[in-house]
Amino acid sequence: MAAVTERSRLSDFMWPALAWIVALVFFFPIFWLVFTSFKTDADAVKPEHLFFFTPTLENYTNMTENYDYWRFATNSVITSTFATLFALAVGVPCAYAMAFNPSKHTKDILMWMLSTKMLPAAAVLYPMTFLTKNFLGIFDTHFLVILVLCLINLPIAIWMLFTYFKEIPKEIIEASKMDGVTTWGEIKDILIPLAWGGVASTALLTFIFCWNEAYWTVRLTTVDAATLSKLIEGNRAPEGLFFGRLAAVSTAAVGPIVVLGWFCQKQLVQGLTFGAVK
Amino acid sequence: MSDRSIPRLLQTPAVILLLFWMLVPLSMTLFFSFIRYVLNSTRRPEWTSPSLENWRGFGNYEYVLNNKDFWFAIQNSVFIVTSILIITVIFGLAIAVLINRSFPGRGIVRVLLISPFFVMPAVNAVLWINMILDPVLGLNGVAVGGINNIVDGLRDFPVLGAFFSLWPEFEPISFRATQTSAYAVIMMVSWQWTPFAVLIFMTSLQSEDESQKEAATLDGASPWSQFINLTVPHLARPIAIVVMIQSIFHLSLYAEIEIVSRGNGNKNLPYLIGEFSSNNIGAASATGIFAVILANIIAIFLLRMVGKSLMD
């Protein structure tokens, strides 16, 4: 008996310790990125300054001249924000109709929407370039990036909203219909206040996906509408690389999103598995 | 009447937008895949604009199927995706079980673990290939240099020195080389997606039937046999979903492959399409159609699984 308690005491300590070690190992690359961003470019590549160095904010204060960071960051903020807003504006009415007035085709429509998400982007790369460049003349505009980001995230947004709306009792909506409330009134005054948490986490997750998107934002822009993904990808060259400043601009590009992500990690499961894992 | 038409009206914008998004570019790809279409040709200028007169039938498909880059790209895509899947599912399961208990600081552990998932792919690749894996300036080079220094120091010892002087000077591996760039991509993507697997498995573990486990413990079942006989079957569906969602995402990897080695020795289908697109649009489109077919095979299974849980 004594042996058993001894063993469980040891494992009581051992497993949490192992969990902490694993978590720190996984976080280490991010820590290293932030850590390096406080080194000068010269210190960043010297082994003797691996852990001990004089921290500097120089990389952050020079971000504007080194990389023109704020222009790319502004583009990222504008495109991600508007894409998220449009996805919600189109997605909320759609998910509302599907959740409260389902027809026999609702399930098929939802499945079909999801299938558009699975289309490999590379397969339609040239047609998109051709259409937007030669035909519509919207290549490298904010409008195009917003539209594409909105469209690729719309299926996930609708799915998430749908799963949240389904949890609201139908009777509440039907009662308001009896009282002669208009459809717009139902959405604005009843649905959104009731499903506020769900709408907020859908918005947050959509925003994160827009921000991190790295195929279309790189391929459909050159200068004017280029986002942070493009900025980082443009500075990938190994030769003559400045680790300190590269780390600073990378930290600035991912920092806000990683923090936002901490707030919606639970919703991530529902959003990414389309409600199939609860 | 308005009872039925309003809901339909509310769905219309989303349906029309997605319909355009799917149909217009895809039908153009399909059309381009059947014609001769190149961007620059001084010899055959008539091929530089898309037209029905340049009809080539299945010629582009034949060209692609006879191209050894295509087969290498398929092989490499499958290699990368399978490796990532095996790594993320095994680590994901182990870590999810590890943190599925209460201990001090569990909330912080969760936050630290999930963080890699929110790093943008371009930063992930730049961070790993430069600051961590670079053979000279990265931690890889620093660590190997450190080992060499220690071995060098030990060579001066009286007895042990004879043993250590036999040791070679270690060379750090370069992960930008033709043979190794795929491993670099596998490493960085696995780092990013293991947290995703952990999160899904953990969510699912929380709905596991605890009374079953207690009964098993009373019957004297070992923790290992409980894990194999109770937990793994419970997780079968989440595992399948993790595998399929990741397959769809990783089949279209691009930024990582571009940043690590510009596709040197490590092309996948999207990268090959990108390369073809610089001139041979016909071949790029035919390759694109193959990529669509490949993605669809996986998507059908995924949609079936998701569909089951849809209306309950």
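Since the model is a prediction, treat every value here as computed from it, not as a measurement.

1. Digging into the layout of surface pockets
In this structure, the largest pocket encloses a volume near 1000 Å³. Lining the largest pocket are 22 residues, and of these W15 of chain A together with V97, R101, K213 and P223 of chain B sit closest to its centre. Sorting the residues of the lining of the largest pocket by element identifies α1 (2-36) of chain A together with α3 (68-99), α9 (210-218) and α10 (223-234) of chain B as the ones contributing at least two each. Of all the elements, α1 of chain A adds the most residues to the lining of the largest pocket, at six residues. Counted by class, the lining of the largest pocket contains eleven nonpolar, six polar and five charged residues.

2. Regarding empty space enclosed by the protein
What the rule picks out here adds up to six cavities of 30 Å³ or more. The calculated volume of the largest cavity comes to roughly 1100 Å³. Lining the largest cavity we find 49 residues, and of these K117, E213 and Y215 of chain A together with F249 and S252 of chain B sit closest to its centre. Class assignment of the residues belonging to the lining of the largest cavity gives a composition of 39 nonpolar, seven polar and three charged. Counted as a void, the second largest cavity has a volume near 90 Å³. Lining the second largest cavity are 14 residues, and of these W32, A44 and L50 of chain A together with L137 and L139 of chain B sit closest to its centre.

3. Side note on the interface of chain B and chain A
Each partner contributes residues to the interface: chain B has 92 residues there, and chain A has 94 residues. Overall, the association of chain B and chain A removes approximately 8600 Å² of surface from exposure, summing both partners, and the carbon and sulfur fraction of that is 80%. Where chain B packs against chain A, one counts zero salt bridges. Taken together, chain B and chain A are joined by eight residue pairs in polar contact (both at pLDDT 80 or more). When residues in the side of chain B that touches chain A are grouped by element, the largest group, 19 residues, is from helix α1 (residues 2-32) of chain B. Counted by class, the side of chain B that touches chain A contains 71 nonpolar, 13 polar and eight charged residues.

4. Things to note about unusual backbone geometry
Even without being a glycine, D68 of chain A presents a positive backbone phi close to 55°. Looking at where D68 of chain A falls in the secondary structure, it is placed in the loop between α4 (63-67) and α5 (69-100).

5. Some thoughts on the domain arrangement of chain A
All names here are of chain A. By domain assignment, chain A separates into domain 1 (2-58) and domain 2 (71-272). For domain 1 versus domain 2, the distance between C-alpha centres works out to 34 Å. The interface of domain 1 with domain 2 comprises eight residues on the first partner and nine residues on the second. The junction of domain 1 with domain 2 conceals about 710 Å² of combined surface from both sides, 73% of it contributed by carbon and sulfur atoms.

6. Some words on the packing of aromatic side chains
The tally for this structure, following the rule as stated, stands at 35 aromatic pairs over all chains. Centroid distance F130 of chain A to F32 of chain B: 6.1 Å. Interplanar angle 80°. Geometry classified as edge-to-face. Here F32 of chain B lies in helix α1 and F130 of chain A lies in helix α7 (residues 125-135), a pairing that spans two chains. Across the pair, exposure class does not vary: F130 of chain A and F32 of chain B are buried alike. Taking 5.6 Å as the distance between ring centres and 15° as the angle between the ring planes, the aromatic pair formed by F117 of chain B and F196 of chain B counts as stacked. You can see F117 of chain B sitting in the loop between α4 (106-114) and α5 (121-132) and its partner F196 of chain B sitting in helix α8 (residues 181-205), a full 79 residues away along the chain. A residue is classified by how much of its surface remains accessible, and F196 of chain B, at 1% relative accessible area, is buried. The structure contains a cluster of three or more aromatic residues connected by ring pairs, namely F34, W55, F58, Y61, F70, W71 and F290 of chain B.

7. Comments concerning the state of the cysteines
All names here are of chain A. The final tally for this structure, using the stated rule, is zero disulfides over all chains. With no disulfide partner, C150 has as its closest neighbouring cysteine sulfur the one in C210, 7.9 Å distant. Classification of C150 as buried rests on a relative accessible area of 5%. A relative accessible area of 2% means that C210 is categorised as buried.

8. Examining the pattern of salt bridges
Residue and element names in this part refer to chain A. Summed over the entire model, instances satisfying the criterion amount to four salt bridges over all chains. Note that D189 and K188 form a salt bridge whose closest N and O atoms lie 3.4 Å from each other. For D189, a relative accessible area of 49% translates into the label partly exposed. What makes K188 partly exposed here is its relative accessible area of 42%.

9. A short note on a nonpolar patch on the surface
Residues and elements named next belong to chain B. Side chains of I147, F157, L160, F163, L166, W167 and F170 sit close together on the surface and give an oily, nonpolar patch of about 710 Å² of accessible area. On the secondary structure map, L160 appears in helix α7 (residues 160-164). When its relative accessible area of 47% is taken as the criterion, L160 is described as partly exposed.

Parameters and conventions
Residues numbered from 1 in each chain as written. Chains lettered and ligands numbered in written order. Predicted model: local features only at pLDDT ≥ 70, side-chain atom pairs only at ≥ 80, totals over all residues. Heavy atoms only, no water. 1 Å grid on protein atoms, 1.4 Å probe; cavity = no way out; pocket = protein on both sides within 12 Å on 5 of 7 lines; lining within 4 Å. Points joined across faces, edges and corners; volume = space filled by probe spheres on them. Helix = DSSP H or I, 4+ residues; strand = E, 2+ residues; numbered from the N terminus. Nonpolar A, V, L, I, M, F, W, Y, C, P; charged D, E, K, R; others polar. Contact = heavy atoms within 4.5 Å. Buried area = accessible area lost by both parts, 1.4 Å probe. Salt bridge = Lys/Arg side-chain N within 4 Å of Asp/Glu carboxyl O. Polar contact = N/O pair within 3.5 Å; in protein donor to acceptor, adjacent residues only side chain to side chain. Domains from an automatic or database assignment. Phe/Tyr/Trp six-rings, centres within 6.5 Å; stacked < 30°, edge-to-face > 60°. Buried < 20%, exposed > 50% of the residue type's maximum accessible area, 1.4 Å probe, protein only. Disulfide = S-S within 2.5 Å. Patch = residues over 30% accessible without salt bridge, like charges linked within 9 Å, V, L, I, M, F, W, Y side chains within 5 Å. Areas by Shrake-Rupley, 256 points an atom, 1.4 Å probe, with all protein chains shown as cover.

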